[in-house]
Amino acid sequence: MPTSVQLRPRDVRGYPVPAITPWEGDEPRFALTDYARSAECARMRLCSVCNTLMPRGPVWRVVGAAESAAIGEALAAGRPYRNLAPTLEGPGHRACMLYASMVCPYLARPNARRGTTAVQPDELTAHVVRGAARGGLGAVVGFGDYEFAVTGTQVLFRFVDLVEFRPHDTAETHLDELRAELARPERERNQPR
Ligand SMILES: [Zn+2]
C-alpha cells in the first residue's frame, strides 16, 4: 500500500477510504463520488485516491473493459488514442492507481459511481481478501495530463496524451509493478514505464 494511502481514514473494516469518497456519518459510500471533494482534487491537482499533490507531469486512472479495449485497438493499429468523452473519474498517482486497480472494484467499472445500484460490501471484501479475478478486463492508464470542468452538479475530467497502458484481467496483475513503483526513489516515481 502506498504510504499516502496508509494515512487515509479507514472504514470499520480497516480499508482505506479514497479522497473522493463521500461519507454518511461513519460510513464511506465507496460506490459514489463526492462532488465537493472531487472538485477540490481537480482544482488543487490532488490525487483522487490519497488526496496529496500530483507532481506536474503524467497522471493515471483505471479504466474499464470498454475503454481498455478501445485503447488496445488504437495502439495495435498505430493510431493515437483520443477519448473526448468526459468521465467522472479523477486522476491519481501511478502507485495509487496500480493499488486501487487491485483492491477497488468500483474503479474498474466507470459507470458504477454514477448509478445508485448498491454493491454489497461483501463483494468488495471478496475482491480484497481472495484477490479474486474481476469479471472482464480493464487497465491502468497513464496520460500526459488532464483537463476538468466543474459544473453545477458534476466534476468532469478529460485525459489527453496516452503515455502508459497496462491492461489487466485479474486483481493481481499489477502487484509486481506496484512493488517496483514503491521501491523507486521518490524523485523517480510517477513516471510511465
Ligand atoms: Zn495518490
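This is a predicted model, so every value here is computed, not measured. Position labels on residues start from 1 in each chain and follow its written sequence. Totals for whole chains, interfaces and linings use all residues, but because this is a predicted model, local features are given only for residues with pLDDT of at least 70 and pairs of side-chain atoms are given and counted only at 80 or more. Based on all heavy atoms of the structure, the side-chain values leave hydrogens and waters out of the count.

Novice: Help me out: how do you make sense of the coordination of the zinc ion in this one?
Specialist: Donor atoms (N, O, S) are those found within 2.8 Å of the metal centre, with the cutoff raised to 3.2 Å for Na, K and Ca; water is not part of the atom list, so apparent gaps in a site can occur. Around the zinc ion, the protein contributes the donor atoms Cys47 (SG), Cys50 (SG), His93 (ND1) and Cys96 (SG), which lie 2.1 to 2.4 Å from the metal centre. Square planar and octahedral sites, with four and six donors, are those where opposite donors lie more than 155 degrees apart and all other angles lie between 65 and 115, tetrahedral sites have four donors with every angle between 85 and 135 degrees, and the rest are irregular. In this structure, the zinc ion is coordinated by four donor atoms arranged in tetrahedral fashion, with angles at the metal of 100 to 117°. Between the donor residues of the zinc ion, the gaps in sequence give the motif C-x2-C-x42-H-x2-C. You can see Cys50 sitting in the loop between α2 (35–44) and β3 (59–63) and its partner His93 sitting in the loop between α3 (65–76) and α4 (94–103), a full 43 residues away along the chain. Counting from the N terminus, the helices are DSSP H or I runs at least four residues long and the strands are E runs at least two residues long.

Novice: So what exactly am I meant to see when it comes to the sheet that holds β3 here?
Specialist: At least two bridges found by DSSP between two strands are what make those strands a pair. Spatially, three strands are ordered β3-β4-β5 in an open sheet, and the strand pairing comes out antiparallel. The sheet terminates laterally at β3 and β5 (155–168), the two strands that pair on one side only. Taken over all neighbouring pairs, the strand axes of this sheet differ in orientation by 40° on average, direction set aside. When checking whether two residues touch, look at their non-hydrogen atoms; a contact exists if any pair is within 4.5 Å. All axes are obtained by fitting lines to C-alpha atoms, using only the stretch in contact for helices, and the reported angles, taken between N-to-C directions, cover 0 to 180 degrees. Its contacts with the sheet place α2 against β4 (138–150) and β5, and it is angled at close to 90° to β4. Contacts from α4 reach β3, β4 and β5 within the one sheet, and its direction differs from that of β3 by about 15°.

Novice: Sorry, what's going on with helix α6 (residues 175–183) here?
Specialist: Side chains that are three or four residues apart share a direction in an α-helix, a result of its 3.6 residues per turn. In this scheme, a residue with accessible area under 20% of its type's maximum is buried, one over 50% is exposed, and one in between is partly exposed, where area comes from a 1.4 Å probe on protein chains only. Every buried residue of α6 is accounted for by Glu177, Leu178 and Glu181. What you see down the axis of α6 is that its buried residues fit within an arc of 100°, all on one side. What points out from α6, more than 90 degrees from its buried face, is the exposed set Asp176, Arg179 and Ala183. In this fold, the buried residues of α6 make contact with α4 and β5. Arc, as used here, means the arc of the directions from the helix axis to the C-beta atoms.

Novice: Please explain the packing of aromatic side chains as it appears in this structure.
Specialist: Geometry of an aromatic ring pair is reported as the spacing of the ring centres plus the angle between the planes. Stacked, edge-to-face and tilted are the three classes for Phe, Tyr and Trp ring pairs, Trp counted by its six-membered ring, which pair at centre distances within 6.5 Å; planes under 30 degrees apart are stacked, over 60 edge-to-face, the rest tilted. Per the counting criterion, the structure on display carries three aromatic pairs. With a centroid separation of 6.1 Å and an interplanar angle of 35°, the aromatic rings of Tyr146 and Phe148 are classed as tilted. Exposure remark for Tyr146: the relative accessible area of 9% places this residue in the buried category. Look at Tyr146 and Phe157: their rings are 6.1 Å apart centre to centre, the planes differ by 50°, and that puts the pair in the tilted class. Taken as a pair, Tyr146 in strand β4 and Phe157 in strand β5 lie far apart in primary sequence, 11 residues in all.

Novice: What's the story with empty space enclosed by the protein in this structure? I'm lost.
Specialist: Where empty space is left in the structure can be found by rolling a water-sized probe over the atoms. Only protein atoms enter the 1 Å grid, on which a cavity is a set of points fitting a 1.4 Å probe that cannot get out and a pocket is an open set with protein on both sides within 12 Å along at least 5 of 7 lines, lining residues being those with an atom within 4 Å of a point. Grid points are joined across faces, edges and corners, and a volume is the space filled by probe spheres set on the points. Inspection of the entire model under this criterion finds two cavities of 30 Å³ or more. Empty space within the second largest cavity amounts to approximately 40 Å³. Forming the boundary of the second largest cavity are Ile20, Ser38, Cys41, Leu46, Ser48, Leu88, Gly90, Pro91 and Phe157. Three categories are distinguished: nonpolar for Ala, Val, Leu, Ile, Met, Phe, Trp, Tyr, Cys and Pro, charged for Asp, Glu, Lys and Arg, and polar for the others, with Gly belonging to the last. Per-class residue counts for the lining of the second largest cavity are six nonpolar, three polar and no charged.

Novice: Sorry if this is basic, but what is going on with the pattern of salt bridges here?
Specialist: For side chains of opposite charge, pairing can occur when their charged atoms come near one another. Counted as salt bridges are all cases of a side-chain nitrogen of Lys or Arg within 4 Å of a carboxyl oxygen of Asp or Glu. Here the structure, examined in full by the defined rule, presents 15 salt bridges. Of the charged contacts in the structure, one is a salt bridge between Glu67 and Arg61, with a shortest N-O distance of 3.1 Å. Each member of the pair, Glu67 together with Arg61, is buried. Of the charged contacts in the structure, one is a salt bridge between Glu177 and Arg193, with a shortest N-O distance of 3.3 Å. One end of the pair, Glu177, is in helix α6; the other, Arg193, is in the segment after α6, with 16 residues separating them in the sequence. One network of salt bridges, in which partners are shared, links Arg94, Glu164, Arg166, Glu177, Glu181, Arg184 and Arg193.

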